[in-house]
Amino acid sequence: MSKKLTKRSEDYSKWYNELVVKADLAENSAVRGCMVIKPYGFAIWEKMQAELDRMFKETGHENAYFPLFVPKSLFEAEEKNAEGFAKECAVVTHYRLQNDPDNEGKLRVDPEAKLEEELVVRPTSEAIIWNTYKGWIQSYRDLPLLINQWANVVRWEMRTRLFLRTAEFLWQEGHTAHATRTEAITEAKQMQNVYAEFAENFMAMPVVKGVKSDSERFAGAEDTYTIEALMQDGKALQAGTSHFLGQNFAKAFDVKYTSKEGKQEYVWATSWGVSTRLIGGLIMTHSDDNGLVLPPKLAPIQIVIVPIYKNDEQLEAISHKVNAIVKDLRKKGISVKFDDRDTFRPGAKFAEYELKGVPVRIAIGNRDLEKGTLEIARRDTLEKKTVAQDEVITYVENLLEEIQENLFNKAIEYRKEYTTVVNDFKEFKKAIKKGGFVSAHWDGTEETEDRIKEYTKATIRCIPNEAIEEEGVCVLTGNPSSKRVLFAKAY
(Lines give C-alpha, C1' and ligand atoms only; values in the text may rest on other atoms or scores of the structure.)
Protein backbone atom coordinates (compact mmCIF):
# COMPACT_ATOMS: atom_id res chain seq x y z
CA MET A 1 0.00 0.00 0.00
CA SER A 2 1.20 3.48 -0.83
CA LYS A 3 1.96 5.43 2.34
CA LYS A 4 1.55 8.84 0.67
CA LEU A 5 -1.15 10.90 2.36
CA THR A 6 -3.55 13.51 1.03
CA LYS A 7 -2.26 16.94 2.09
CA ARG A 8 -4.06 18.62 4.98
CA SER A 9 -4.46 21.79 2.89
CA GLU A 10 -6.25 19.82 0.14
CA ASP A 11 -8.73 17.83 2.22
CA TYR A 12 -8.24 17.77 5.99
CA SER A 13 -10.95 15.18 6.62
CA LYS A 14 -9.54 12.80 3.99
CA TRP A 15 -6.01 13.33 5.38
CA TYR A 16 -7.23 12.39 8.87
CA ASN A 17 -9.08 9.26 7.74
CA GLU A 18 -6.14 8.08 5.62
CA LEU A 19 -3.68 8.68 8.42
CA VAL A 20 -5.65 6.70 11.00
CA VAL A 21 -5.80 3.71 8.65
CA LYS A 22 -2.30 3.89 7.10
CA ALA A 23 -0.59 4.42 10.46
CA ASP A 24 -2.28 1.22 11.69
CA LEU A 25 -4.27 2.92 14.44
CA ALA A 26 -7.78 1.71 13.63
CA GLU A 27 -10.13 0.62 10.86
CA ASN A 28 -13.84 0.36 10.23
CA SER A 29 -15.40 -2.92 11.30
CA ALA A 30 -18.09 -5.25 9.98
CA VAL A 31 -20.45 -3.56 12.45
CA ARG A 32 -21.63 -0.29 10.96
CA GLY A 33 -20.45 2.71 12.95
CA CYS A 34 -18.01 0.69 15.08
CA MET A 35 -14.23 0.55 14.79
CA VAL A 36 -11.47 -1.98 15.35
CA ILE A 37 -8.65 -0.36 17.34
CA LYS A 38 -5.46 -1.98 16.07
CA PRO A 39 -2.50 -2.81 18.36
CA TYR A 40 -0.58 0.42 17.65
CA GLY A 41 -3.66 2.56 18.27
CA PHE A 42 -4.54 0.59 21.38
CA ALA A 43 -0.97 1.00 22.67
CA ILE A 44 -1.51 4.79 22.61
CA TRP A 45 -4.79 4.34 24.51
CA GLU A 46 -3.02 2.12 27.07
CA LYS A 47 -0.41 4.85 27.68
CA MET A 48 -3.20 7.42 28.12
CA GLN A 49 -5.11 5.07 30.38
CA ALA A 50 -2.08 4.36 32.56
CA GLU A 51 -1.33 8.03 33.18
CA LEU A 52 -4.96 8.99 33.80
CA ASP A 53 -5.48 6.00 36.09
CA ARG A 54 -2.45 7.05 38.12
CA MET A 55 -3.77 10.60 38.39
CA PHE A 56 -7.23 9.40 39.44
CA LYS A 57 -5.79 7.20 42.17
CA GLU A 58 -3.54 10.01 43.40
CA THR A 59 -6.71 12.08 43.93
CA GLY A 60 -8.31 9.32 46.00
CA HIS A 61 -10.42 7.45 43.43
CA GLU A 62 -10.87 3.68 43.14
CA ASN A 63 -11.84 1.58 40.11
CA ALA A 64 -14.96 -0.59 39.93
CA TYR A 65 -17.08 -2.10 37.17
CA PHE A 66 -20.84 -1.92 36.57
CA PRO A 67 -23.13 -3.77 34.13
CA LEU A 68 -23.30 -2.99 30.42
CA PHE A 69 -27.10 -3.25 30.50
CA VAL A 70 -29.42 -0.78 32.22
CA PRO A 71 -33.10 -1.66 32.79
CA LYS A 72 -35.25 0.92 31.00
CA SER A 73 -37.09 1.84 34.23
CA LEU A 74 -33.78 2.77 35.89
CA PHE A 75 -32.61 4.65 32.83
CA GLU A 76 -35.70 6.85 32.75
CA ALA A 77 -35.68 7.59 36.51
CA GLU A 78 -33.71 10.83 35.99
CA GLU A 79 -35.87 12.46 33.34
CA LYS A 80 -33.45 15.02 31.90
CA ASN A 81 -30.69 12.45 31.52
CA ALA A 82 -33.04 9.94 29.90
CA GLU A 83 -34.44 12.54 27.52
CA GLY A 84 -30.95 13.73 26.58
CA PHE A 85 -29.75 10.27 25.56
CA ALA A 86 -33.02 8.68 24.36
CA LYS A 87 -32.32 9.08 20.64
CA GLU A 88 -28.83 7.54 20.95
CA CYS A 89 -29.78 4.36 22.81
CA ALA A 90 -29.37 0.80 21.59
CA VAL A 91 -32.05 -1.38 23.22
CA VAL A 92 -32.18 -5.14 23.91
CA THR A 93 -35.73 -6.50 23.61
CA HIS A 94 -35.23 -10.31 23.41
CA TYR A 95 -33.01 -12.80 25.19
CA ARG A 96 -32.43 -15.54 22.60
CA LEU A 97 -32.43 -16.63 18.96
CA GLN A 98 -33.87 -19.75 17.32
CA ASN A 99 -33.53 -21.60 14.01
CA ASP A 100 -35.58 -19.90 11.31
CA PRO A 101 -38.16 -22.42 10.02
CA ASP A 102 -38.47 -20.51 6.73
CA ASN A 103 -34.70 -20.20 6.04
CA GLU A 104 -32.62 -23.33 6.56
CA GLY A 105 -29.33 -22.66 8.33
CA LYS A 106 -30.42 -19.16 9.41
CA LEU A 107 -31.48 -17.74 12.77
CA ARG A 108 -34.24 -15.41 13.86
CA VAL A 109 -35.22 -13.66 17.07
CA ASP A 110 -37.41 -16.00 19.10
CA PRO A 111 -40.77 -14.19 19.30
CA GLU A 112 -41.50 -16.02 22.57
CA ALA A 113 -38.30 -14.72 24.19
CA LYS A 114 -39.31 -11.10 24.70
CA LEU A 115 -37.83 -9.53 27.83
CA GLU A 116 -40.30 -8.42 30.49
CA GLU A 117 -38.40 -5.12 30.56
CA GLU A 118 -36.17 -3.75 27.82
CA LEU A 119 -32.48 -3.27 28.59
CA VAL A 120 -30.62 -0.17 27.42
CA VAL A 121 -27.01 -0.71 26.35
CA ARG A 122 -25.27 1.92 28.46
CA PRO A 123 -24.71 5.27 26.76
CA THR A 124 -23.49 6.44 30.19
CA SER A 125 -23.74 4.74 33.58
CA GLU A 126 -25.33 7.23 35.99
CA ALA A 127 -28.57 5.24 36.25
CA ILE A 128 -27.13 1.81 37.06
CA ILE A 129 -24.45 3.29 39.32
CA TRP A 130 -26.79 5.47 41.37
CA ASN A 131 -29.20 2.59 41.81
CA THR A 132 -26.20 0.64 43.20
CA TYR A 133 -25.02 3.52 45.41
CA LYS A 134 -28.35 3.42 47.25
CA GLY A 135 -27.15 0.22 48.94
CA TRP A 136 -23.62 1.52 49.54
CA ILE A 137 -24.42 4.81 51.27
CA GLN A 138 -26.19 5.02 54.63
CA SER A 139 -24.11 7.34 56.79
CA TYR A 140 -21.82 10.36 56.51
CA ARG A 141 -19.06 7.84 57.28
CA ASP A 142 -19.60 6.33 53.80
CA LEU A 143 -18.80 9.66 52.13
CA PRO A 144 -17.20 10.79 49.97
CA LEU A 145 -17.59 7.83 47.61
CA LEU A 146 -15.04 8.23 44.81
CA ILE A 147 -15.44 5.62 42.06
CA ASN A 148 -14.13 5.40 38.49
CA GLN A 149 -14.99 2.88 35.80
CA TRP A 150 -13.02 1.97 32.64
CA ALA A 151 -15.58 0.71 30.15
CA ASN A 152 -17.17 0.87 26.72
CA VAL A 153 -20.38 2.72 25.93
CA VAL A 154 -22.76 2.78 22.97
CA ARG A 155 -24.29 5.93 21.50
CA TRP A 156 -26.05 5.30 18.22
CA GLU A 157 -24.35 7.42 15.55
CA MET A 158 -25.28 7.63 11.89
CA ARG A 159 -22.32 9.75 10.75
CA THR A 160 -19.14 8.31 12.21
CA ARG A 161 -15.42 9.07 12.08
CA LEU A 162 -12.70 6.84 13.55
CA PHE A 163 -11.91 7.81 17.16
CA LEU A 164 -13.85 11.10 16.99
CA ARG A 165 -17.37 9.72 16.75
CA THR A 166 -18.25 6.02 16.71
CA ALA A 167 -21.30 4.08 17.88
CA GLU A 168 -19.19 2.24 20.45
CA PHE A 169 -16.16 3.78 22.12
CA LEU A 170 -13.90 3.25 25.13
CA TRP A 171 -13.77 5.69 28.01
CA GLN A 172 -13.57 6.16 31.71
CA GLU A 173 -16.40 7.57 33.78
CA GLY A 174 -16.03 8.80 37.32
CA HIS A 175 -19.08 8.89 39.60
CA THR A 176 -18.76 10.42 43.05
CA ALA A 177 -21.06 11.11 45.99
CA HIS A 178 -20.51 13.85 48.60
CA ALA A 179 -22.04 15.17 51.80
CA THR A 180 -22.23 18.81 50.67
CA ARG A 181 -22.75 20.89 47.58
CA THR A 182 -19.39 22.60 48.10
CA GLU A 183 -17.53 19.28 48.23
CA ALA A 184 -19.16 18.08 45.00
CA ILE A 185 -18.37 21.30 43.12
CA THR A 186 -14.78 21.13 44.38
CA GLU A 187 -14.56 17.55 43.07
CA ALA A 188 -15.96 18.47 39.64
CA LYS A 189 -13.49 21.35 39.29
CA GLN A 190 -10.61 19.19 40.53
CA MET A 191 -11.27 16.63 37.78
CA GLN A 192 -11.43 19.36 35.16
CA ASN A 193 -7.95 20.37 36.34
CA VAL A 194 -6.74 16.75 36.19
CA TYR A 195 -7.93 16.49 32.59
CA ALA A 196 -6.28 19.79 31.68
CA GLU A 197 -3.01 18.72 33.29
CA PHE A 198 -3.08 15.44 31.37
CA ALA A 199 -3.90 17.13 28.05
CA GLU A 200 -1.14 19.71 28.37
CA ASN A 201 1.62 17.73 30.13
CA PHE A 202 1.21 14.40 28.34
CA MET A 203 -0.66 15.09 25.09
CA ALA A 204 1.15 18.43 24.59
CA MET A 205 -2.31 19.74 23.66
CA PRO A 206 -3.18 23.17 25.10
CA VAL A 207 -6.75 23.50 26.38
CA VAL A 208 -9.10 26.20 27.58
CA LYS A 209 -10.88 25.39 30.85
CA GLY A 210 -14.41 26.70 31.16
CA VAL A 211 -18.08 26.10 31.88
CA LYS A 212 -20.63 25.02 29.27
CA SER A 213 -23.62 27.18 28.42
CA ASP A 214 -27.05 25.81 29.42
CA SER A 215 -27.76 24.34 25.98
CA GLU A 216 -24.36 22.58 25.79
CA ARG A 217 -24.53 21.23 29.35
CA PHE A 218 -24.66 17.47 30.07
CA ALA A 219 -28.23 16.18 30.36
CA GLY A 220 -29.07 15.96 34.08
CA ALA A 221 -26.24 18.24 35.27
CA GLU A 222 -26.42 21.62 37.01
CA ASP A 223 -23.01 22.63 35.62
CA THR A 224 -20.61 21.10 33.10
CA TYR A 225 -16.92 22.00 33.31
CA THR A 226 -15.04 21.37 30.08
CA ILE A 227 -11.61 21.46 28.49
CA GLU A 228 -11.64 22.67 24.86
CA ALA A 229 -8.78 22.18 22.40
CA LEU A 230 -8.18 23.63 18.95
CA MET A 231 -7.35 21.35 16.03
CA GLN A 232 -5.20 22.26 13.01
CA ASP A 233 -8.23 22.77 10.77
CA GLY A 234 -9.54 25.51 13.05
CA LYS A 235 -12.27 23.40 14.64
CA ALA A 236 -12.61 22.92 18.38
CA LEU A 237 -12.64 19.56 20.14
CA GLN A 238 -14.37 18.99 23.47
CA ALA A 239 -11.60 16.91 25.03
CA GLY A 240 -13.07 16.14 28.46
CA THR A 241 -15.97 17.10 30.71
CA SER A 242 -16.69 17.07 34.42
CA HIS A 243 -20.26 17.51 35.66
CA PHE A 244 -21.73 18.81 38.90
CA LEU A 245 -24.97 16.84 39.09
CA GLY A 246 -26.42 18.51 42.18
CA GLN A 247 -28.88 16.17 43.92
CA ASN A 248 -30.73 15.20 40.74
CA PHE A 249 -29.61 11.57 40.68
CA ALA A 250 -29.68 11.21 44.47
CA LYS A 251 -33.35 12.23 44.46
CA ALA A 252 -34.19 10.10 41.41
CA PHE A 253 -32.71 7.00 43.09
CA ASP A 254 -33.43 7.97 46.72
CA VAL A 255 -29.77 7.99 47.80
CA LYS A 256 -29.66 9.49 51.31
CA TYR A 257 -27.22 9.50 54.18
CA THR A 258 -27.57 10.12 57.90
CA SER A 259 -25.63 13.26 58.82
CA LYS A 260 -23.55 13.78 61.97
CA GLU A 261 -26.62 15.53 63.42
CA GLY A 262 -28.74 12.42 62.75
CA LYS A 263 -30.70 13.97 59.85
CA GLN A 264 -31.50 12.22 56.56
CA GLU A 265 -29.95 14.17 53.65
CA TYR A 266 -29.66 13.57 49.92
CA VAL A 267 -26.06 13.25 48.72
CA TRP A 268 -24.47 15.54 46.13
CA ALA A 269 -23.02 14.06 42.95
CA THR A 270 -20.50 14.46 40.14
CA SER A 271 -19.60 12.52 37.01
CA TRP A 272 -16.68 13.03 34.65
CA GLY A 273 -15.14 11.32 31.63
CA VAL A 274 -12.73 11.25 28.72
CA SER A 275 -12.72 8.76 25.84
CA THR A 276 -10.77 7.36 22.89
CA ARG A 277 -11.72 10.61 21.15
CA LEU A 278 -8.51 11.90 22.80
CA ILE A 279 -6.56 9.84 20.25
CA GLY A 280 -8.30 11.80 17.51
CA GLY A 281 -7.33 15.01 19.30
CA LEU A 282 -3.72 13.85 19.59
CA ILE A 283 -3.58 13.13 15.85
CA MET A 284 -5.14 16.43 14.80
CA THR A 285 -3.10 18.61 17.16
CA HIS A 286 0.38 17.56 16.05
CA SER A 287 0.47 15.43 12.90
CA ASP A 288 1.64 16.61 9.48
CA ASP A 289 1.51 15.67 5.79
CA ASN A 290 4.12 12.94 6.37
CA GLY A 291 2.08 11.16 9.01
CA LEU A 292 1.65 10.97 12.76
CA VAL A 293 3.63 13.16 15.13
CA LEU A 294 3.40 11.77 18.65
CA PRO A 295 4.51 13.46 21.89
CA PRO A 296 7.19 11.26 23.50
CA LYS A 297 5.23 10.79 26.74
CA LEU A 298 2.44 8.94 24.89
CA ALA A 299 4.37 7.33 22.04
CA PRO A 300 4.26 3.49 22.19
CA ILE A 301 7.78 3.48 20.73
CA GLN A 302 9.82 6.51 21.79
CA ILE A 303 12.99 5.52 19.92
CA VAL A 304 13.53 3.20 16.98
CA ILE A 305 17.00 2.03 15.96
CA VAL A 306 17.51 0.98 12.35
CA PRO A 307 20.71 -0.87 11.36
CA ILE A 308 22.27 -0.21 7.93
CA TYR A 309 24.38 -3.14 6.79
CA LYS A 310 25.52 -5.12 3.75
CA ASN A 311 26.02 -8.58 5.23
CA ASP A 312 25.36 -10.74 8.28
CA GLU A 313 28.80 -10.00 9.71
CA GLN A 314 28.11 -6.23 9.73
CA LEU A 315 24.64 -6.80 11.23
CA GLU A 316 26.16 -8.89 14.02
CA ALA A 317 28.69 -6.16 14.87
CA ILE A 318 26.00 -3.45 14.78
CA SER A 319 23.62 -5.56 16.87
CA HIS A 320 26.26 -6.07 19.55
CA LYS A 321 26.65 -2.30 19.93
CA VAL A 322 22.90 -1.58 19.66
CA ASN A 323 21.94 -4.16 22.29
CA ALA A 324 24.08 -2.34 24.86
CA ILE A 325 22.44 1.01 23.93
CA VAL A 326 18.97 -0.55 24.10
CA LYS A 327 19.72 -1.92 27.58
CA ASP A 328 20.89 1.48 28.84
CA LEU A 329 17.88 3.30 27.35
CA ARG A 330 15.44 0.87 28.94
CA LYS A 331 17.12 1.38 32.31
CA LYS A 332 16.10 5.04 31.92
CA GLY A 333 12.48 4.01 31.32
CA ILE A 334 12.64 4.83 27.61
CA SER A 335 10.76 2.54 25.22
CA VAL A 336 13.00 1.53 22.33
CA LYS A 337 12.71 -0.83 19.37
CA PHE A 338 15.63 -2.31 17.45
CA ASP A 339 14.25 -3.07 13.99
CA ASP A 340 16.63 -5.66 12.55
CA ARG A 341 14.06 -7.19 10.15
CA ASP A 342 15.71 -8.36 6.95
CA THR A 343 12.45 -8.20 5.01
CA PHE A 344 12.53 -4.39 4.60
CA ARG A 345 15.23 -2.00 3.43
CA PRO A 346 16.29 0.87 5.73
CA GLY A 347 14.48 3.46 3.56
CA ALA A 348 11.18 1.58 3.92
CA LYS A 349 11.68 1.39 7.69
CA PHE A 350 12.41 5.13 7.88
CA ALA A 351 9.16 5.84 5.99
CA GLU A 352 7.18 3.49 8.24
CA TYR A 353 8.35 5.06 11.50
CA GLU A 354 7.92 8.57 10.13
CA LEU A 355 4.31 7.68 9.24
CA LYS A 356 3.77 6.17 12.71
CA GLY A 357 5.14 9.24 14.46
CA VAL A 358 7.98 7.65 16.43
CA PRO A 359 9.62 10.69 18.11
CA VAL A 360 13.29 9.69 17.61
CA ARG A 361 14.94 7.52 14.97
CA ILE A 362 18.54 6.32 15.28
CA ALA A 363 20.40 4.94 12.27
CA ILE A 364 23.68 3.06 12.66
CA GLY A 365 25.85 1.56 9.97
CA ASN A 366 29.32 0.10 9.56
CA ARG A 367 30.96 3.54 9.20
CA ASP A 368 29.26 4.66 12.40
CA LEU A 369 30.83 1.72 14.22
CA GLU A 370 34.24 2.78 12.97
CA LYS A 371 33.72 6.45 13.87
CA GLY A 372 31.87 5.82 17.15
CA THR A 373 28.86 7.85 15.99
CA LEU A 374 25.12 7.56 15.34
CA GLU A 375 22.66 9.51 13.16
CA ILE A 376 19.70 10.76 15.18
CA ALA A 377 16.55 12.13 13.49
CA ARG A 378 13.72 13.84 15.36
CA ARG A 379 10.16 13.42 14.04
CA ASP A 380 8.77 16.82 15.01
CA THR A 381 11.18 18.92 12.91
CA LEU A 382 12.68 16.14 10.70
CA GLU A 383 16.16 17.43 11.64
CA LYS A 384 19.09 15.00 11.73
CA LYS A 385 22.27 15.14 13.77
CA THR A 386 25.37 12.99 14.14
CA VAL A 387 26.07 12.17 17.81
CA ALA A 388 28.90 10.29 19.52
CA GLN A 389 27.84 6.84 20.71
CA ASP A 390 29.06 7.44 24.26
CA GLU A 391 26.84 10.55 24.49
CA VAL A 392 23.71 9.00 23.02
CA ILE A 393 21.84 8.18 26.27
CA THR A 394 22.06 11.69 27.71
CA TYR A 395 21.43 13.26 24.30
CA VAL A 396 18.29 11.21 23.67
CA GLU A 397 16.91 11.82 27.18
CA ASN A 398 17.19 15.58 26.64
CA LEU A 399 15.88 15.33 23.07
CA LEU A 400 12.68 13.58 24.15
CA GLU A 401 11.99 16.37 26.66
CA GLU A 402 12.76 18.98 24.01
CA ILE A 403 10.36 17.37 21.49
CA GLN A 404 7.58 17.20 24.10
CA GLU A 405 8.05 20.89 24.92
CA ASN A 406 8.35 21.91 21.27
CA LEU A 407 5.08 20.23 20.32
CA PHE A 408 3.23 22.01 23.13
CA ASN A 409 4.75 25.39 22.27
CA LYS A 410 3.93 24.95 18.58
CA ALA A 411 0.30 24.13 19.46
CA ILE A 412 0.13 27.16 21.78
CA GLU A 413 1.38 29.43 18.97
CA TYR A 414 -1.21 28.01 16.59
CA ARG A 415 -3.99 28.67 19.12
CA LYS A 416 -2.80 32.26 19.64
CA GLU A 417 -2.82 32.85 15.88
CA TYR A 418 -6.31 31.40 15.56
CA THR A 419 -7.99 33.08 18.53
CA THR A 420 -9.76 36.24 17.40
CA VAL A 421 -11.39 38.90 19.57
CA VAL A 422 -14.43 40.48 17.86
CA ASN A 423 -16.95 43.17 18.80
CA ASP A 424 -19.67 42.98 16.15
CA PHE A 425 -21.36 40.33 14.04
CA LYS A 426 -19.62 41.28 10.81
CA GLU A 427 -16.24 40.67 12.49
CA PHE A 428 -17.67 37.50 14.06
CA LYS A 429 -18.67 35.95 10.72
CA LYS A 430 -15.29 36.83 9.19
CA ALA A 431 -13.44 35.25 12.14
CA ILE A 432 -15.55 32.08 12.09
CA LYS A 433 -14.82 31.72 8.38
CA LYS A 434 -11.08 31.98 9.14
CA GLY A 435 -11.44 29.24 11.78
CA GLY A 436 -10.32 28.92 15.37
CA PHE A 437 -11.68 30.31 18.63
CA VAL A 438 -13.67 33.53 18.49
CA SER A 439 -13.90 35.55 21.70
CA ALA A 440 -17.11 37.55 21.74
CA HIS A 441 -19.72 39.04 24.04
CA TRP A 442 -23.02 37.12 24.32
CA ASP A 443 -26.19 38.23 26.05
CA GLY A 444 -26.59 34.93 27.94
CA THR A 445 -29.80 33.76 26.23
CA GLU A 446 -30.30 30.39 24.59
CA GLU A 447 -32.27 32.09 21.80
CA THR A 448 -29.25 34.19 20.77
CA GLU A 449 -26.98 31.16 21.00
CA ASP A 450 -29.32 29.20 18.70
CA ARG A 451 -29.51 32.04 16.18
CA ILE A 452 -25.71 32.37 16.03
CA LYS A 453 -25.45 28.62 15.48
CA GLU A 454 -28.06 28.79 12.73
CA TYR A 455 -26.27 31.67 10.94
CA THR A 456 -22.67 30.43 11.30
CA LYS A 457 -22.69 26.77 12.56
CA ALA A 458 -20.56 28.00 15.47
CA THR A 459 -21.41 27.06 19.06
CA ILE A 460 -20.32 28.36 22.45
CA ARG A 461 -17.47 26.04 23.38
CA CYS A 462 -17.24 27.42 26.90
CA ILE A 463 -17.41 30.41 29.19
CA PRO A 464 -13.69 30.44 30.12
CA ASN A 465 -12.73 30.12 33.78
CA GLU A 466 -10.33 33.03 33.23
CA ALA A 467 -12.88 35.23 31.44
CA ILE A 468 -12.41 38.83 32.59
CA GLU A 469 -15.47 40.68 33.85
CA GLU A 470 -15.97 43.57 31.42
CA GLU A 471 -18.93 45.59 30.24
CA GLY A 472 -19.84 44.93 26.62
CA VAL A 473 -22.68 44.24 24.21
CA CYS A 474 -23.70 40.98 22.54
CA VAL A 475 -22.28 40.66 19.01
CA LEU A 476 -25.67 39.65 17.62
CA THR A 477 -28.35 41.48 19.65
CA GLY A 478 -26.50 44.44 21.14
CA ASN A 479 -27.88 43.54 24.57
CA PRO A 480 -25.65 44.01 27.65
CA SER A 481 -22.97 41.41 28.42
CA SER A 482 -20.57 41.12 31.35
CA LYS A 483 -17.90 38.81 29.87
CA ARG A 484 -16.66 37.22 26.68
CA VAL A 485 -17.27 33.58 25.75
CA LEU A 486 -15.48 31.34 23.23
CA PHE A 487 -17.25 30.35 20.02
CA ALA A 488 -16.01 27.92 17.36
CA LYS A 489 -17.14 25.31 14.91
CA ALA A 490 -16.57 21.98 16.58
CA TYR A 491 -16.28 18.22 16.16
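Residues numbered from 1 in each chain as written. Predicted model: local features only at pLDDT ≥ 70, side-chain atom pairs only at ≥ 80, totals over all residues. Heavy atoms only, no water.

Engineer: What should I look at first to understand a negative patch on the surface in this one?
Structural biologist: Taken together, the side chains of Asp-312, Glu-313, Glu-316, Asp-340 and Asp-342 make up a negatively charged region of the molecular surface. Along the chain, Glu-313 falls in helix α9 (residues 312–331). (Patch = residues over 30% accessible without salt bridge, like charges linked within 9 Å, V, L, I, M, F, W, Y side chains within 5 Å. Areas by Shrake-Rupley, 256 points an atom, 1.4 Å probe, with all protein chains shown as cover. Salt bridge = Lys/Arg side-chain N within 4 Å of Asp/Glu carboxyl O. Lys, Arg positive; Asp, Glu negative; His and termini not counted. Charge placed at Lys NZ, Arg CZ, Asp CG, Glu CD. Helix = DSSP H or I, 4+ residues; strand = E, 2+ residues; numbered from the N terminus.)

Engineer: I tried to follow the sheet that holds strand β12 (residues 223–230) on my own but got confused; where do I start?
Structural biologist: Backbone hydrogen bonds are what pair the strands of a sheet, in a parallel or an antiparallel way. Here we have eleven strands laid out as an open sheet, ordered β3-β9-β10-β16-β13-β12-β11-β24-β27-β23-β22, and mixed in their pairing. Each of the sheet's edge strands pairs with one partner strand only, and the pair in question is β3 (62–63) and β22 (419–421). Examined bridge by bridge, strand β23 (residues 437–441) and strand β27 (residues 484–488) share four bridges and lie antiparallel to one another. In the strand pairing of β27, Ser-439 is matched with Leu-486. Packed on one face of the sheet, helix α8 (residues 277–286) meets β13 (236–246) and β16 (268–275) and runs near 145° to β13. (Pairing = 2+ DSSP bridges. Contact = heavy atoms within 4.5 Å. Axes fitted to C-alpha atoms, helices over the stretch in contact; angles between N-to-C directions.)

Engineer: Help me out: how do you make sense of the pattern of salt bridges in this one?
Structural biologist: Pairing is possible between side chains that carry opposite charge, provided their charged atoms lie close to one another. All told, the structure shown has 27 salt bridges when counted by the stated rule. Between Arg-461 and Glu-216 there is a salt bridge, and its shortest N-O distance comes to 3.9 Å. Note that Arg-461 is positioned in strand β24 (residues 459–464) and Glu-216 in the loop between β11 (208–211) and β12, a separation of 245 residues in sequence. The partner of Lys-416 in a salt bridge is Glu-413, with the nearest N and O atoms 3.7 Å apart.

Engineer: Please explain the nonpolar core as it appears in this structure.
Structural biologist: Proteins that are soluble and globular tend to have nonpolar side chains buried together. Ranked by size, the top nonpolar core spans 56 residues in total, and within it Leu-25, Met-48, Phe-163, Phe-198, Met-203 and Ile-283 carry the most contacts. For this core, the leading source of residues is helix α2 (residues 39–58), giving seven residues. Leave out the neighbours within four places in its chain, and Met-48 touches Phe-198, Met-203, Leu-278, Ile-279, Leu-282 and Leu-298. Val-70, Phe-85, Ala-127 and Ala-179 belong to the second-largest nonpolar core, a separate cluster that totals 29 residues. (Core = buried A, V, L, I, M, F, W, Y, C linked by side-chain atoms within 4.5 Å. Buried < 20%, exposed > 50% of the residue type's maximum accessible area, 1.4 Å probe, protein only.)

Engineer: Any chance you could explain the sheet that holds strand β8 (residues 114–121) here in plain terms?
Structural biologist: Across the sheet, three strands lie side by side as β4-β8-β5; this open sheet has antiparallel pairing. Of all strands in the sheet, those with a lone pairing partner are β4 (69–71) and β5 (90–94), marking the two edges. Strand-to-strand twist of the sheet, defined as the mean angle between neighbouring strand axes without regard to direction, takes the value 35°. Sheet topology note: the β5/β8 ladder contains four bridges and is antiparallel. Of the residues in β8, the one forming a bridge with Val-91 is Val-120.

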